[in-house]
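A look at the structure
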Amino acid sequence: MHDTFPEVSPWRRRRRLLALAAAGLVVLGAIAFSVQDLQTGDQAPKAPPTSQTTQPPSTPSGYPLHNAITATMFWVGEPGDTDNKGISNVSSAWVDNWVKEFGGVDNPDKRCGYRPCAFVPKENAFYFALPFNDYDSNGNLKAAAILQQIPWYKGPPPARQSLVKNRWIEVSFQGKTAYAQWEDVGPFGENDGAYVFKGAAPQQHAGLDLSPAMNDYLNLSGEGTVSWRFVEATHVPNGPWKQVVTASGISY
C-alpha cells in the first residue's frame with residue numbers, strides 16, 4: 001500500500017518556489033555580506049593579542065634558594081679600608097693581579113652603562129664573591145671532605161683549576177633578577193660551605209658581595225637584602241651579564 005498526498009495546485013507550487021528563491025537570496029546576501037566584512041575589516045572587534053614575556057628557563061633542582069641575605073658591593077681594585085677590614089681587591093682569591101686580568105679598576109663612581117667609563121672590561125663586569133674557597137691560603141686544594149660539600153663535586157679538578165671560580169648565580173631584589181659569575185671569596189671568610197652550598201645562615205652579617213654592575217642593575221644602593229641561588233650556565237638567559245663571560249682560571 002502506498003501513501004498518497006493531495007495534489008498541490010500550480011498557484012501554491014509557484015508561491016512555494018518563490019518563497020524558496022527569496023530564502024536563497026537572503027542566504028546568498030548574508031554570505032556576500034560576511035565575505036565583504038572580512039575583506040574590508042568591518043567585523044566585530046577582537047581583543048588584542050596577549051603580550052608574551054620570555055621567561056628564563058627553570059633552574060635545576062638541588063640548589064637551595066638563599067633568602068634574606070645581606071649583599072654588599074665590592075669591586076676589582078677596591079683599596080683596603082675599615083669597611084672591608086683592610087682587604088684590598090687588587091688580587092682575588094684565585095688571581096694574583098685581578099686588576100690586570102679585568103682590565104683596570106672597576107670604579108663604582110664613574111660608570112658608562114654597566115661598566116667603568118675608563119675602559120672596556122676583559123672579564124665579566126657582573127661578578128660576585130661568596131665565603132668559600134676550594135684552595136687554602138698556600139694555594140693547595142683543600143681536603144676532599146671539604147670539597148664534597150660542593151654539589152657538582154665529582155673529584156679533584158685538573159691542576160691549577162678551581163671547582164667554583166666562574167660559576168653562575170641568580171640574584172633577585174625587589175622584583176628584579178640578575179646573573180653573575182663567581183670571581184672572588186668573601187665577604188669576611190672562605191670556609192662557610194654550610195651556608196654557600198647547604199642553605200644554612202651565613203656566619204657573618206653579610207653573605208654575598210656583588211660587583212658595581214650587579215649593584216646598579218638591581219638598584220641596591222650599595223647594600224640590600226636579596227635572595228640568590230646557583231644556576232647552571234645553560235640556564236642563564238641573555239642579558240648584559242653575557243656581553244663578556246669570564247673563562248680564565250687560576251693564576252697564582
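Here the structure is shown first, and the text comes after it.
Residues numbered from 1 in each chain as written. Predicted model: local features only at pLDDT ≥ 70, side-chain atom pairs only at ≥ 80, totals over all residues. Heavy atoms only, no water.

We now examine the overall build of the chain. When its secondary structure is counted, the chain shows five helices and eight strands. Listing the helices and strands of the chain from first to last along the sequence gives α-β-α-β-β-β-α-β-β-α-β-α-β. Out of the 252 residues in the chain, the part that is buried amounts to 39%. Looking at the chain alone, contacts between residues at least 24 apart form 70% of all its contacts between residues at least 6 apart. In the structure as shown, the chain presents an accessible area of about 14800 Å², 54% of it carried by carbon and sulfur atoms. (Helix = DSSP H or I, 4+ residues; strand = E, 2+ residues; numbered from the N terminus. Buried < 20%, exposed > 50% of the residue type's maximum accessible area, 1.4 Å probe, protein only. Contact = heavy atoms within 4.5 Å. Areas by Shrake-Rupley, 256 points an atom, 1.4 Å probe, with all protein chains shown as cover.)

The next thing to look at is the sheet that holds strand 4 (residues 127–130). Within the closed barrel, the six strands sit side by side as 1-7-4-6-5-8. Their pairing is mixed. Strand after strand, the sheet turns through a mean of 45 degrees between neighbouring axes, direction not considered. Bridge analysis of strand 4 against strand 7 (residues 206–210) gives two bridges, and the strand direction is antiparallel. Pairing of Ala-129 across the sheet is with Asp-209, part of strand 7. (Pairing = 2+ DSSP bridges. Axes fitted to C-alpha atoms, helices over the stretch in contact; angles between N-to-C directions.)

Here we come to the nonpolar core. Counting residues in each nonpolar core, the largest one holds 53 residues, and the members touching the most others are Trp-182, Leu-208, Trp-228 and Phe-230. If we ignore the near neighbours within four places in the chain, the residues touching Trp-182 are Trp-94, Phe-128, Ala-129, Leu-130, Phe-132, Val-164, Lys-165, Asn-166, Arg-167, Val-196, Phe-197 and Phe-230. (Core = buried A, V, L, I, M, F, W, Y, C linked by side-chain atoms within 4.5 Å.)

Below, the discussion takes up the layout of surface pockets. What the second largest pocket holds in volume is close to 160 Å³. Taken together, 13 residues form the lining of the second largest pocket, with Tyr-114, Arg-115, Ala-125, Pro-240 and Gln-243 sitting closest to its centre. Residue composition of the lining of the second largest pocket, grouped by class: eight nonpolar, three polar and two charged. (1 Å grid on protein atoms, 1.4 Å probe; cavity = no way out; pocket = protein on both sides within 12 Å on 5 of 7 lines; lining within 4 Å. Points joined across faces, edges and corners; volume = space filled by probe spheres on them. Nonpolar A, V, L, I, M, F, W, Y, C, P; charged D, E, K, R; others polar.)

A word on the pairing of strand 7. Within a regular strand, side chains alternate between the sheet's two faces. With five of its five residues buried, strand 7 lies for the most part within the structure. In the sheet, strand 1 (residues 66–73) pairs with strand 7 via four bridges, with the strands oriented parallel. For Ala-71, the partnering residue across the bridge sits in strand 7 and is Leu-208.

The subject of this paragraph is the pattern of salt bridges. Tallied over the full model, the rule gives five salt bridges. As a salt-bridge pair, Glu-183 and Lys-165 come within 3.1 Å of each other at their nearest N and O atoms. Of this pair, Glu-183 sits in strand 6 (residues 176–185) while Lys-165 sits in the loop between helix 3 (144–147) and strand 5 (168–173), placing them 18 residues apart in sequence. Across the pair, exposure class does not vary: Glu-183 and Lys-165 are buried alike. Three or more residues joined by partner-sharing salt bridges are found here, namely Asp-106, Arg-111 and Asp-216. (Salt bridge = Lys/Arg side-chain N within 4 Å of Asp/Glu carboxyl O.)

Considering all chains together, one arrives at one disulfide under this definition. What pairs with Cys-112 in a disulfide is Cys-117, and their sulfur atoms sit 2.1 Å apart. Taking the torsion about the sulfur-sulfur bond, which here is approximately 110 degrees, the covalent link between Cys-112 and Cys-117 counts as right-handed. Given a relative accessible area of 35%, Cys-112 falls into the partly exposed group. What makes Cys-117 partly exposed here is its relative accessible area of 35%. (Disulfide = S-S within 2.5 Å.)

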